[in-house]
Amino acid sequence: IHFGPYERPRHMIFRAVTGNGQRWTVDPAAPVLEPDIPDDYRAPTVIIAPNGGWIMYLENGNGEGFLRAVSTNGRSWSLEPETPIFTPAATWEDGRVAAPSAVVGADGVIRLYYEYGQGDGIAMVRAEDSDGLSFPGDEASRLQVLTPEQSSHEILWRNVTRVRSPYVILSEDYRGEPMYRLYY
C-alpha cells in the first residue's frame, strides 16, 4: 500500500481477510511488514511453504532485490533473513528485478518468476533448498521465459514493448499432467 503524506511516500505490506470474497477487512489494522526508512516493500507474493507455514517474497526498494518473510499463521511475519535473498545479477536484468511471483512446482521446488529491467522480460529461478531461502546468484541459473517479442502477434498484439508483473499458477492439463500458467 502507498502510504503518505511523507516527503517521500512509503510502501508497506498489509493483510486483508474476507469470508465471502467481496467485503475485505484489514486485519491486523497495522502493517504486517513495515520497512525502515528509506526502504520500501512492494509486490508481495505468498505461498504455503512445502515444510509448513507461509513464505512471502517481496520487492525491496524499486527493483533492488527480493526479501523473504515467514509466518506460522499468515498474520504475523518476520524477515528471514533481513537482507535480500535475490538481487539482480544477470547482465540482461539491467540492474532491476521486480514483481516476484512464487509457486511451488510440480517437483516440490519453489520457483520465483519475476520481471526484469524496465519490463524487458519475465524470468524464472529455482530455489536451491526446500525452504526457499537460497537462490543461485549466477546468470546461468536464471532463465528468461518471456520477452515482449514473444508476446507480439502480427494481428492481435503488435509492437509489444514491455511485459510486467508476472503471476504464475500451477494447475493440470486435460491429462492430469502439470501445467504452469503465466499471467502478465
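In the block above lies the structure referred to throughout.
Residues numbered from 1 in each chain as written. Predicted model: local features only at pLDDT ≥ 70, side-chain atom pairs only at ≥ 80, totals over all residues. Heavy atoms only, no water.

(A) Highlighting the nonpolar core. Within the largest apolar cluster, 19 residues are counted, with the highest numbers of intra-cluster contacts made by Tyr 57, Phe 86, Ile 110, Leu 112, Tyr 114 and Phe 135. Those elements giving two or more residues to this core turn out to be β6 (54-60), β9 (97-104), β10 (110-116) and β11 (121-126). The element contributing the most residues to this core is β10, with four residues. The next biggest cluster of nonpolar side chains, apart from the first, holds 10 residues, and it includes Val 32, Tyr 41, Met 56 and Ala 69. (Core = buried A, V, L, I, M, F, W, Y, C linked by side-chain atoms within 4.5 Å. Buried < 20%, exposed > 50% of the residue type's maximum accessible area, 1.4 Å probe, protein only. Helix = DSSP H or I, 4+ residues; strand = E, 2+ residues; numbered from the N terminus.)

(B) Fine view of the pattern of salt bridges. Under the counting rule described, the total for this entry stands at 10 salt bridges. With its nearest N and O atoms 2.5 Å apart, the salt bridge here joins Arg 75 to Asp 27. On the criterion of sequence distance, the pair formed by Arg 75 in the loop between β7 (65-71) and β8 (78-79) and Asp 27 in the loop between β4 (25-26) and β5 (41-48) is long-range, its members being 48 residues apart. We classify Asp 27 as partly exposed; its relative accessible area is 23%. One salt bridge in this structure joins Asp 107 and Arg 111, with 3.0 Å as the shortest N-O distance. In this structure, a network of salt bridges that share partners links the residues Arg 15, Asp 27 and Arg 75. (Salt bridge = Lys/Arg side-chain N within 4 Å of Asp/Glu carboxyl O.)

(C) Main features of unusual backbone geometry. In this model, Asp 27 is joined to Pro 28 through a cis peptide bond whose omega is 5 degrees. If you trace the backbone, Pro 28 turns up in the loop between β4 and β5. At Asn 159, a position not held by glycine, the phi torsion is positive, near 55 degrees. Its location among the elements puts Asn 159 in the loop between α1 (148-151) and β13 (167-172). A residue is classified by how much of its surface remains accessible, and Asn 159, at 68% relative accessible area, is exposed. Even without being glycine, Ser 165 reaches a positive phi, approximately 45 degrees. Tracing the backbone shows Ser 165 in the loop between α1 and β13. Given a relative accessible area of 46%, Ser 165 falls into the partly exposed group.

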